[in-house]
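Reading the structure
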Amino acid sequence: MYQLLVKLRSAILVFLTHHMALPLLKLVRNEEKFPYSLPQLMQMTPASLGYTLGSFLYQKKLQLLPYYARHDIKHILLEYDTTDEGEVCLQCFMLGNRHVSFPVLATVVYGFVTMPEHWTDFKKAVRRGRQAPSLRHWQWYTLLAIPVSDLRQQINQLSTDV
């Protein structure tokens, strides 16, 4: 019975994010289109964020979605998997980092309501987001040539202004 509930909540989360939120966000947001193709990413330096993004998409069997690449970059830099738990942890981090939006709030609430077995991880992600420097003004697509390790180090340093 538990496995059936896990599959059901996963299907609901996928439906809410990929079939409702993404199309809606494309209508209301005026986001910059991702300027690279997958082959271009794979030509970048192996330690770079761009190359790592290409490898990540290939390994996860995901498509490069031009208006969703920034989300995939966050998965890489924050080291949260693309599982249901990982998706909610990513959004919990963003909430802790003071990024408040409808998708963030909806995912966090959905995660806390339907995944009580992961509450500890969600709370850690919120706390980690609070401690990290603000990512609000990062120009995500200009970071692609930078080594992933350097960017993770910037995120994981304790902020002096918290």
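All figures in this text were calculated on a predicted structure; none of them were measured in a lab.

Next up on the list: the overall build of the protein chain. Of regular secondary structure, the protein chain possesses 8 helices and 0 strands. Element order for the protein chain, N to C, with α for helix and β for strand: α-α-α-α-α-α-α-α. Dimensions of the protein chain along its principal axes, counting C-alpha atoms only, are 45 × 35 × 30 Å. When the 162 residues of the protein chain are sorted by exposure, 40% land in the buried category. Element-wise, carbon and sulfur atoms account for 59% of the exposed surface of the protein chain, whose accessible area totals about 9,900 Å². Averaging the coordinates of the 17 positive side-chain charges in the protein chain and doing the same for the 12 negative ones gives two points 3 Å apart.

Moving on, we come to unusual backbone geometry. Most peptide bonds adopt trans geometry, and most residues besides glycine take a negative phi value. Phi is positive for Lys61, which is not a glycine, with a value near 60°. With respect to the helices and strands, the residue Lys61 is situated in the loop between helix H3 (49-60) and helix H4 (69-78). Of the residues examined, Lys61 reaches a relative accessible area of 77% and is grouped as exposed. Positive phi, normally seen in glycine, also occurs at Glu79, with a value near 60°.

For the structure on display, the rule yields 3 salt bridges. Across the pair Arg152 and Glu79 runs a salt bridge, and its minimum N-O distance is 3.7 Å. Taken together, the residues Arg152 in helix H8 (residues 148-156) and Glu79 in the loop between H4 and helix H5 (84-96) connect sequence positions 73 residues apart. A relative accessible area of 25% means that Arg152 is categorised as partly exposed.

Another aspect to go through is the environment of Phe15. Secondary-structure assignment places Phe15 in helix H1 (residues 2-28). The spacing of Phe15 and Tyr67 is 52 residues in sequence and 18 Å in space, taken between C-alpha atoms.

Next up on the list: the confidence of the model for the protein chain. When the pLDDT values of the protein chain are averaged, the result is 90; 91% of them are 70 or greater. Here H1 stands out as the element of the protein chain with the lowest mean pLDDT, 76, in contrast to helix H7 (residues 119-131), whose mean of 98 is the highest.

This structure, assessed with the given rule, holds 5 aromatic pairs. Residues Phe112 and Trp119 carry aromatic rings whose centres are separated by 6.4 Å and whose planes lie at 35° to one another, so their mutual orientation is tilted. Relative accessible area serves as the criterion here: at 37%, Trp119 is assigned to the partly exposed category. Grouped by ring-pair contacts, the aromatic residues Phe34, Tyr36 and Tyr141 constitute a single cluster.

A word on H7. For H7, which comprises 13 residues, the first-to-last C-alpha distance of 18 Å matches the rise-based estimate of 18 Å (1.5 Å per residue) to within 8%. Buried within H7 we find Phe122, Ala125, Val126 and Gly129. Taken around the axis of H7, the buried residues stretch over an arc of 100°, which confines them to a single face. Looking at the buried side of H7, the elements it contacts are H5 and helix H6 (102-114).

This part takes up the nonpolar core. In globular proteins that are soluble, nonpolar side chains generally tend to be buried together. Leu49, Ile73, Leu77, Phe93, Trp138, Trp140 and Ile155 are the most contacted members of the largest nonpolar core, which has 37 residues in total. Ignoring sequence-local partners within four residues, the contact set of Trp138 consists of Leu77, Leu143, Leu151, Gln154 and Ile155.

So, about the environment of Gln40. Checked against the element boundaries, Gln40 lands in helix H2 (residues 38-42). Each C-alpha atom of the pair Gln40 and Leu8 lies 37 Å from the other, and the pair is 32 residues apart in sequence. Separated by 2.7 Å, the side chain of Gln40 and the backbone nitrogen of Ser37 make a polar contact.

Conventions adopted
- Residues numbered from 1 in each chain as written.
- Predicted model: local features only at pLDDT ≥ 70, side-chain atom pairs only at ≥ 80, totals over all residues.
- Heavy atoms only, no water.
- Helix = DSSP H or I, 4+ residues; strand = E, 2+ residues; numbered from the N terminus.
- Buried < 20%, exposed > 50% of the residue type's maximum accessible area, 1.4 Å probe, protein only.
- Areas by Shrake-Rupley, 256 points an atom, 1.4 Å probe, with all protein chains shown as cover.
- Lys, Arg positive; Asp, Glu negative; His and termini not counted.
- Charge placed at Lys NZ, Arg CZ, Asp CG, Glu CD.
- Salt bridge = Lys/Arg side-chain N within 4 Å of Asp/Glu carboxyl O.
- pLDDT = per-residue confidence, 0-100.
- Phe/Tyr/Trp six-rings, centres within 6.5 Å; stacked < 30°, edge-to-face > 60°.
- Expected span 1.5 Å × (residues − 1).
- Arc of directions from axis to C-beta.
- Contact = heavy atoms within 4.5 Å.
- Core = buried A, V, L, I, M, F, W, Y, C linked by side-chain atoms within 4.5 Å.
- Polar contact = N/O pair within 3.5 Å; in protein donor to acceptor, adjacent residues only side chain to side chain.

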